[in-house]
Amino acid sequence: MRVIIIGAGQVGESIASDLDRSHEVVVVERDSNRVEDLTYSLDVLAIQGDGTSLSVLREAGIDEADMLIATTDNDETNIVACATAKAISDAFTVARVKNTEHLRTWQHSGDAFGIDFMVCTNLLAAEAIVRIIGLPAARDVDPFAEGRVQMAEFEVSADSPVADQTVREADRFDSLTFAAILRNGEVVIPRGESVISAGDRVVVIGSPESVQGFSDALVPADSLGSPDEVVIVGGSEVSYHVARLLEERGLRPRLIEYDADRARRLAEQLPGTIVMESDATNAEFLEREHVGDADVVVSALGSDEKNLLVSLLATRLGAARTVAVIDTPAYVELFEAVGVDVGLNPREVVAEEITRFTHEGGAENVALIESDKAEVLEIEVDRDSILVGQPIREVMTELPSGVVIGAITRQDEFVTPRGDTVIEPGDHVVVFVAIEVLDDVGPKL
Amino acid sequence: MRLRVDYRASLSLVGTVLKYLVVPLTLPVVVALYYGESVAPFLVTMLVTAAVGVWLERLEPEPDLRAREGFLMVGVTWLAVALVGAIPYLVEAHGIPFLLGPLSPASTLANPVNALFESMSGFSTTGSTVLGDISFETHTRAIMMWRQLTQWLGGMGIVVLAVAILPELSVGGAQLMDAEAPGPGIEKLTPRIAETARVLWGAYLGFTVLEILLLYGLHRGGMAPQMDFYNAVAHGLTTMPTGGFSPEARSIEAFSAAAQWVIIPFMAVAGTNFALIWHVLADDPRTLVEDREFRAYLGVVAVLTTIIAGLLFSGNGFVTPEAATGGQTYDAAYVVDTAGGIVGSAEPSIRAALFQVLAIVTTTGYASLDFNAWSAPTKYLLLFAMFIGGSAGSTGGGIKIVRWYVILKSVRRELFTTSHPEAVRPVRLGGRALDERAVRGIYAFTLLYLVIFAVATILLGLDAVRVGLDVTALELLSASATTIGNVGPGFGFLGPMGGFGEFSNASKLLMVGLMWIGRLEILPVLVLLTPEYWRR
């Protein structure tokens, strides 16, 4: 497949690097230095030019392109690039926007601006945060099969009940599959006798109830409980959507914003949120408003450093969990190491979302594990799939290690995959695939 | 001193409105001709009105209306129509000098102040009366019809009507309607303001006609013997404007229970924002149910009705026989008789309570019984209800439900921000966050309203002492509350079966002023009294 990516920022580069081995990728970028960088670092064709220009798109080979992904930092540029591409070719167009108004317009008509698929950075990031908030111990949660299946990543602490148990011992949760253990940045495919030790991260796939149950079991009893108290620091677009989504779940989050006008605007737009106008790094204020009692503190200020500071302050005051929006991908791990419970990079979330469209084999949905160590795919299986017609125990022998069948939904019902389960055509299968075997396994599924 | 206000433009438009007042004056002429009564009062009025109107109109051939001129035009228009509207009463009482003797026996309306009071009470849809004797023996049917008609013209607003039909008001019409329409701000239903005005008047006319047909249908069906065609029209003309004038001395008590039940929903509609009614008829009925003010309105009516119905049903709602025999303003026989028909019976209790609560809350001011027979707490509930008022954009007077709603919400906000100083909490009306300026405006209006009410009560009290009029505190309070709120009846001798005739001329002129500023919601009138308004 020939894919044209407009914009070689973080998102563009991330998608390009994910696709460059399996697809023909052309990247259009205005900054000549970035063009030069990409030419050498990735196996892609990088062109210097304006993605909204007809001649540049022609040069990039829009006529033979199957897909165009517009992912610059400018909404209007992305929209115009897609509209231009649509006007002169049949390419599937994907646009990334920040402004949810554009998303709403697009959702309203389905193909406004000549865009086939639109992703909204702020909204996706907010949805990711809200999913994480929903599961106290989870570092990352992704829904599959219209929410009937969840994939979640948990950190196992020393006092966790599953610490130092084998997977077989730990596997006492109904309809839950251990897909992987992440240890020191390596992906370990769990066997029955694999031991889960403190400090590991486990990736589980199962029904939302079972994932929640596992989450409850993992977290020590004293910090247990649904997140009633959520404090959102900073009045960014991401914050707005987080508050809005939490309101939809019946929570009354608190939101702290420094700028008076912005605070007033947010207060008008968010009837169920208590908006506070204050400096969130003011410790006295945080104490007076009992931010320390919060179950989750989400910091989404404009700067990574301030988000780190707020998260640390909140932890110091006693907040149970902190989630920080982190703009610089390199900081994510660092911040998590020094005390932020979950760091989230919005562009990474967008890259994941866009990647699902570029996968062969009809993947309905995809999540990236540890940025790019593994993928969790949702596949609607047809008759040609290797998975169909025999018990999973036998299927697994024909597949390389690094593949785990996590969950199956059949006619909207959840089916727990066990050794003797037989997958039927039309089933949706959520499967964990380590990145090394992805190219090999993908077409067979 | 050079004035900053182009008063010629304002007065010219007042002239135009006066000129067109000749058209509605044809209705009493028709009535007079039908009943064989004199048409002189109306022909004289038509001549005077047209002459004054044309003369004023000539002041400025091409009036250019801006915000300031708009206030002046609205304020003066209401004063002018009230003055002109008094002419038929005076002519009827005095006749035309050298030409015709008095057309009816000298009535209370022979006093020009009384005539002006009655006229202002009509146009402002207050419904307070100085008529000592309401009957066709003392007043012709035509003059009574004029009295009813003034309320109908005043209800949706003469200026709104003018905006609807006068093309020269299409620019600046929103300003004018804003100055006149009850409640904070107006809602443009259509892009063109004249179209909005027409829509409002259309709905108003439609409900009036419907009520007349229903009432008369009831009469033809034998369920409302007193409700003949004249009465049906008379009450149709005074329900929808929440006016309250009735050609019957005993107001709605003169009519059957069925007729009262028909009038109840029309009072309820009259107290509802007409923009909501338009939404129900035009596109989305849910707008009505989701409107916060409408819900609050229903809630207030339901709560007050339940309490009063309970009091009436249990017998606690009426004055005790001892008080009834001792007090001067209570007719003991009436109290015993009325209570006898209501205590212990569900339907009459609910009907009496609902009717009276709606009549007061919407400021219609009808009475289905003499609530002077009610006990003190029940009466105080009604006095309290006079301050609630109808909905914004209705024909009702008073402070208006939406203002109370906003005040209650902002008080709640204050309580919250006391313990959380950093909290930012806009006051919400439904899904919409209100601008802080609007909230301040509502506070200012309500405070001003209450201050004027208090000052007027004191002035009326002082004047009563001056002329030696024996009034109780409740009577004084109700006199001032009922006129500024455009409600109508008060308590004691001002009760629904009584009148305002006993006050001195000075007190009556003060109340004329109260009705005037009450109808225009204070600010458009008060602003005319400030030097800053006039100065360059």
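A.B. asks: Outline the overall build of chain B, supporting the account with residue identities and numerical values.
C.D. replies: Along its length, chain B carries 24 helices and three strands. Expected size for 536 residues packed as a compact globule is a radius of gyration near 24 Å; at 23 Å, chain B falls within 12% of this value. By its C-alpha atoms, chain B is 75 × 65 × 50 Å across when sized along the principal axes. Taking all 536 residues of chain B together, the buried fraction comes to 57%. Considering only residue pairs separated by 6 or more positions, chain B has 73% of its internal contacts joining residues 24 or more positions apart. Looking at charge distribution, chain B has the averaged site of its 34 positive side-chain charges lying 9 Å from that of its 40 negative ones.

A.B. asks: Give a detailed account of the sheet that holds strand β4 (residues 67-70) of chain A, specifying residues and quantitative values.
C.D. replies: Residue and element names in this part refer to chain A. Ordered by their spatial adjacency, six strands build an open sheet running β3-β2-β1-β4-β5-β6, and the pairing between neighbours is parallel. Of all strands in the sheet, those with a lone pairing partner are β3 (45-48) and β6 (117-120), marking the two edges. Within the sheet, the average angular offset between the axes of one strand and its neighbour, ignoring direction, is 15°. In terms of strand pairing, strand β5 (residues 92-97) meets β6 through four bridges, oriented parallel. Across the sheet, residue Val-94 finds its bridge partner in β6, namely Phe-117.

A.B. asks: Run through the sheet that holds strand β13 (residues 201-206) of chain A, naming residues and quoting values.
C.D. replies: Residue and element names in this part refer to chain A. Strand order in the open sheet formed by five strands is β7-β8-β13-β10-β11, with antiparallel pairing between adjacent strands. Since the sheet does not close on itself, it has two edges, and those belong to β7 (138-144) and β11 (186-188), each with one partner. Pairs of neighbouring strands in the sheet enclose a mean axial angle of 20°, with direction left out of account. Most of the contacts of helix α8 (residues 208-218) go to strand β8 (residues 149-155), to which it runs at about 15°, and overall it touches β8, β10 (176-183) and β13.

A.B. asks: I'd love a proper account of the confidence of the model for chain B, names of residues and values included.
C.D. replies: Residue-level pLDDT values for chain B average 89, and 96% of them are 70 or greater. Quick note on the complex model: pTM equals 0.80, ipTM equals 0.73.

A.B. asks: Break down the side chain of Thr-16 of chain B for me, with residues and values.
C.D. replies: Examined against the element boundaries, Thr-16 of chain B turns out to sit in helix α1 (residues 7-20). Sequence-distant contacts of Thr-16 of chain B, that is, excluding residues within four places in its chain, are made with Gly-53, Glu-57, Leu-166 and Glu-168 of chain B.

Parameters at a glance
Residues numbered from 1 in each chain as written. Chains lettered and ligands numbered in written order. Predicted model: local features only at pLDDT ≥ 70, side-chain atom pairs only at ≥ 80, totals over all residues. Heavy atoms only, no water. Helix = DSSP H or I, 4+ residues; strand = E, 2+ residues; numbered from the N terminus. Rg over C-alpha atoms; globule rule 2.2 N^0.38 Å. Buried < 20%, exposed > 50% of the residue type's maximum accessible area, 1.4 Å probe, protein only. Contact = heavy atoms within 4.5 Å. Lys, Arg positive; Asp, Glu negative; His and termini not counted. Charge placed at Lys NZ, Arg CZ, Asp CG, Glu CD. Pairing = 2+ DSSP bridges. Axes fitted to C-alpha atoms, helices over the stretch in contact; angles between N-to-C directions. pLDDT = per-residue confidence, 0-100.

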